[in-house]
Amino acid sequence: MTSHPLKSLLQLQLASDASSVLHLSSVLSALSEDSLSLSPHLQKWTSRVTSLIHSKDTGARWAGICLAYRTSSLSKSTMTEFAQSWAGLALSILTKPEPLPLLKASIRYLRHVLSAATDVPGLQRQLATPIVPKFSQALVSIVEKAADYELKALAMDTLRDMVILYPSLNRASSSSITNVCHQILNGSAPQRTNKLLLHHAADLYAVLHYTGGKVGAANLWKKSVDETLQCLWAASTSLRTTFPVKNSPLPSSGLTCDDPVLAVALNLDRLRCSAAALCSLLRTTVQRPVQVPIGRIMEFCLFLLACTADEEKEGHIDTTIRALELAIVPELQSSACDILCCLAKTVQHRLTPYVSQLVVMITYHLEQNPLPEWRCASLQCIQALLSNSFPHSGELGSTRLIKAIMLSLMPLLSTQSYAHTGETGSGQNKKGRKRRRDFEGDEVFKLSKDVICSSIVEGKAIICALDALQVTMRGAELQSAIRSLACRVMLSLSLSLTAMSRSSLSRDVHLHSLVHAKVNRMCLELARGTTSAMSKSLGLVLRSTVTEGNGHNMLTKLQLQQEVDLLLHARGPPLVRPLPHVEALSLFRAEESNEELAARTSLALTTIYDANIMDVVAEPFIGASTPEPTPQPVPTHLPMPTPKIAVPGPISIISPVPASQKMTSSISIVPTKDSADIPSAISNQLPTKSLLPSSSSQMEPAPLTVEPRFISVVDDDEEEERMPTIDMESDSDG
């Protein structure tokens, strides 16, 4: 017959104080609800826990508090019976200078017991009423005097729970709690306020209105919002002393201390802390309806977004202060984006009247090519604004926004190696090229590998750009040329990511799966709408059902059901939003309009065909005058020569032409110069080979025709000989 688990633990693991500390983890894992329910050894167990808490050894007291927490969480009847004695002992520990593990364990135990006592009237009267005020004062003292950030964060998080659960019992200590929050939210310099402390202090400050009761809570919340907005205006105007003041209700207060470096750092940290406090106040709950000051908050956000580095105040200006204030302009814009994200999620469609103006201002900042950190904040703000408001009208603003967002995705298309850029220049002779080929293979000894996203922030910027582009394409009014160009960019990304290795995108190998899954789903969404489009998008649907990436694990089953249903019932009811037919997308270079050509050129996107034409114009044949090539029809059936060497080319936007032409062109950021060695082939407009695998062509709404590149590679001895022209109208196979 096996002995009871409590009996075994008492005789072996908990026999002494030293063994209790040593075997604490195994004891905690061995406890269960069954072992504590109606056990004859329960009285001995609780007595042993009490003796451990009374022990003079610090480790034994820590083990006793941990066992009391575990016992109370498994057996509510035991907690109700022994809560008064154990809670009094834990509270006495908080008033003494004890080690950090013992203080943290005591705080967690008291928070658990006081949270569980809310539904037990007797325990609430006997335990919570005398313990909660003392517990709150002890936590305030820990926040003021403790040096460990994690202990301070735990104390403020526990204070927040106590204020929400027992607002009337914490009304007397609300002033001391408010002072603690103000000390942290007031900022610090030259070192910034710890981010962990900042968020916990902001969350605690946002629930202090609970102490006012049901009637006074709304007034206290409004007062806190007004004070926070006043602090935001004071900090922001102090950071614009060398700029002309515009639309500011408060005059510039100047420097708060003699040292300009400390003054700018202090005001910047105050701005960041006040913005976090305002976001917490917007996210908190109020017992009665309140009126959110949307107009005043929007006035402040527009003031921050209007801050640029171009303006300068007249008169004498300190160059040091001017340089510091110029450096923090992106910080001001980032703070505005953070506040706007929180405000949009809080008031949602009530922010619609301001969306058009905000989109124009944020688009301007995106067009200035900011750093990845500020780009992420702007893109997240765009996504939050467009997702939580009604579709805004404005074709020009949406067109500019789409272009600015696509600039963040361009690095994914630049997969060509620039190690040998310019080797085939026209101004270099055969001897120079041979001398350079003597060093081929040096890349084998290169230990480092270049990646597209060299930092975590750059990878995050790619994800934010995809999310923002998806939201913008759903409801915005776009020009047909810009919509077509965006579809071509997404299809090209879907193809290029297939041929790209995970390590070449980022050091985080999971980023490739996440980006690829988002791109596939966006391509599938763009292909939906009509049966003619869906009939040619089977590859997109199949690819989107097989996704990887940690972010899509929770929604995989639901999305799989929806996409399989889309295959089975492609002729469903029409969607509410207007979607173009597949014929409206200029997937072929011959169908590209002048507007789309101008938009593509403005984004520095050029096709290989365009690059070859430029090379032919810039590099005429040596020794012979060749007339300018004239456009001539290409036969439908062309010979299929096999190239000797597969010449690598950039993976970029694929633009297939109709089957009558059998031509495929691709867009790249940097024009290639492969055409310098094959001018005759270009002059006859031979089709080029798409270097992407033919299986990837299933992902496009229109079928792709993948043809091999008509490039004839010559040997070293024949480099300077002129290549014979191919008579396209000849019927002979020779």
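Before reading on, note that the structure itself is shown above.
The rules behind the values
Residues numbered from 1 in each chain as written. Predicted model: local features only at pLDDT ≥ 70, side-chain atom pairs only at ≥ 80, totals over all residues. Heavy atoms only, no water. Helix = DSSP H or I, 4+ residues; strand = E, 2+ residues; numbered from the N terminus. Buried < 20%, exposed > 50% of the residue type's maximum accessible area, 1.4 Å probe, protein only. Contact = heavy atoms within 4.5 Å. Areas by Shrake-Rupley, 256 points an atom, 1.4 Å probe, with all protein chains shown as cover. Phe/Tyr/Trp six-rings, centres within 6.5 Å; stacked < 30°, edge-to-face > 60°. Expected span 1.5 Å × (residues − 1). Polar contact = N/O pair within 3.5 Å; in protein donor to acceptor, adjacent residues only side chain to side chain. Salt bridge = Lys/Arg side-chain N within 4 Å of Asp/Glu carboxyl O. Axes fitted to C-alpha atoms, helices over the stretch in contact; angles between N-to-C directions. Parallel < 35°, antiparallel > 145°, perpendicular 65-115°, else oblique. Left-handed = near helix turned anticlockwise from the far one by under 90°.

Enquirer: Would you mind going over the overall build of the protein chain with me for this structure?
Expert: Counting its regular elements, the protein chain contains 31 helices and three strands. Taking all 734 residues of the protein chain together, 47% fall into the buried category. At a minimum sequence separation of 6, the contacts of the protein chain that also span at least 24 residues come to 77%. For the protein chain, the accessible surface area stands at approximately 36,700 Å², while carbon and sulfur atoms represent 55% of it.

Enquirer: Help me out: how do you make sense of the packing of aromatic side chains in this one?
Expert: Geometrically, a pair of aromatic rings is defined through the distance of the ring centres and the angle of the planes. For the structure on display, the rule yields three aromatic pairs. On the basis of an interplanar angle of 20° and a centroid distance of 5.4 Å, the ring pair of phenylalanine 82 and tryptophan 86 is categorised as stacked. In this pair, phenylalanine 82 and tryptophan 86 both sit in helix H7 (residues 76-94), four residues apart, roughly one turn of the helix. Of the two residues, phenylalanine 82 and tryptophan 86, both sit in the buried class. Taking 5.1 Å as the distance between ring centres and 45° as the angle between the ring planes, the aromatic pair formed by tryptophan 233 and phenylalanine 303 counts as tilted. Placement of tryptophan 233 in helix H13 (residues 213-238) and of phenylalanine 303 in helix H15 (residues 294-305) is noted, with a sequence separation of 70 residues between them. By relative accessible area, which is 10% here, phenylalanine 303 ends up buried. Ring pairing ties together the aromatic residues Trp233, Phe300 and Phe303, which thus form one cluster.

Enquirer: I keep staring at helix H10 (residues 149-165) and nothing clicks. Help me out?
Expert: Residues three or four positions apart in an α-helix share a direction because the helix packs 3.6 residues into each turn. Along its 17 residues, H10 runs 24 Å from first to last C-alpha, staying within 8% of the 24 Å computed at 1.5 Å per residue. Along H10, the residues that are buried comprise Leu151, Lys152, Ala153, Leu154, Ala155, Met156, Thr158, Leu159, Met162 and Val163. Where the residues of H10 are buried, they touch helix H8 (100-116), helix H9 (121-145), helix H11 (174-185) and helix H12 (195-205). For H10, the side-chain oxygen to backbone nitrogen distance between the N-cap and glutamate 150 is 3.2 Å, and the N-cap itself is aspartate 148.

Enquirer: Before we go on, may I ask you to explain the pattern of salt bridges in this structure?
Expert: Pairing is possible between side chains of opposite charge, provided their charged atoms come close. Counted under the stated rule, the structure contains 14 salt bridges. One salt bridge connects arginine 61 with glutamate 98, and the closest N-O pair in it is separated by 3.0 Å. Residue arginine 61 is found in helix H6 (residues 58-74), and its partner glutamate 98 is found in the loop between H7 and H8; the two are separated by 37 residues along the sequence. Like glutamate 98, arginine 61 is buried. Each member of the salt-bridge network shares a partner with another, and the members are Arg111, Asp157, Arg160 and Asp161.

Enquirer: I tried to follow unusual backbone geometry on my own but got confused; where do I start?
Expert: Excluding glycine, residues mostly carry a negative phi; peptide bonds, for their part, are mostly trans. Looking along the chain, the bond that leaves alanine 189 and enters proline 190 is cis, with omega of 5°. With respect to the element layout, proline 190 can be found in the loop between H11 and H12. Located in the positive-phi region is glutamine 348, a residue other than glycine, with phi close to 55°. Tracing the sequence through the fold places glutamine 348 in the loop between helix H17 (329-347) and helix H18 (352-367). Judged by its relative accessible area of 39%, glutamine 348 is partly exposed. For asparagine 369, which is not glycine, the phi torsion reads 55° and is therefore positive. With relative accessibility at 58%, the residue asparagine 369 sits in the exposed group.

Enquirer: Before we go on, may I ask you to explain the environment of serine 72 in this structure?
Expert: Turning to its location among the elements, serine 72 is positioned in helix H6. In sequence terms serine 72 and alanine 116 are 44 residues apart; their C-alpha atoms lie 9.5 Å from each other. Sequence-distant contacts of serine 72, defined by excluding residues within four places in its chain, comprise Met79, Trp86, Tyr109 and His112. Side-chain polar atoms of serine 72 contact the backbone oxygen of alanine 68, separated by 2.8 Å.

Enquirer: Hey, could you run me through the environment of valine 264 in this one?
Expert: Looking at the element boundaries, valine 264 is found in helix H14 (residues 260-283). Given a relative accessible area of 5%, valine 264 falls into the buried group. Residues in contact with valine 264, not counting those within four places in the same chain, are Leu239, Leu324 and Ile328.

Enquirer: Can you walk me through the side chain of arginine 240 in this structure?
Expert: Mapping arginine 240 onto the fold places it in the loop between H13 and H14. Ignoring any residue separated from it by four or fewer positions in sequence, one finds arginine 240 in contact with Phe303, Cys307, Thr308, Glu325, Val329 and Leu332.

Enquirer: It is not clear to me how the packing of helix H19 (residues 372-387) against helix H22 (residues 456-475) should be interpreted in this structure. Could you clarify?
Expert: Helix packing for two helices is described by the angle between their axes and how far apart those axes are. One way to put it is that H19 packs onto H22 with a least axis distance of 9 Å and a crossing angle of 25°. Between H19 and H22, the angle is such that the two are roughly parallel. Crossing angle aside, the handedness with which H19 passes H22 is left-handed. Contact residues: H19 offers Pro372, Glu373, Cys376, Leu379, Gln380, Ile382, Gln383, Leu386 and Ser387, while H22 offers Val457, Glu458, Lys460, Ala461, Cys464, Ala465, Asp467, Ala468, Val471 and Thr472.

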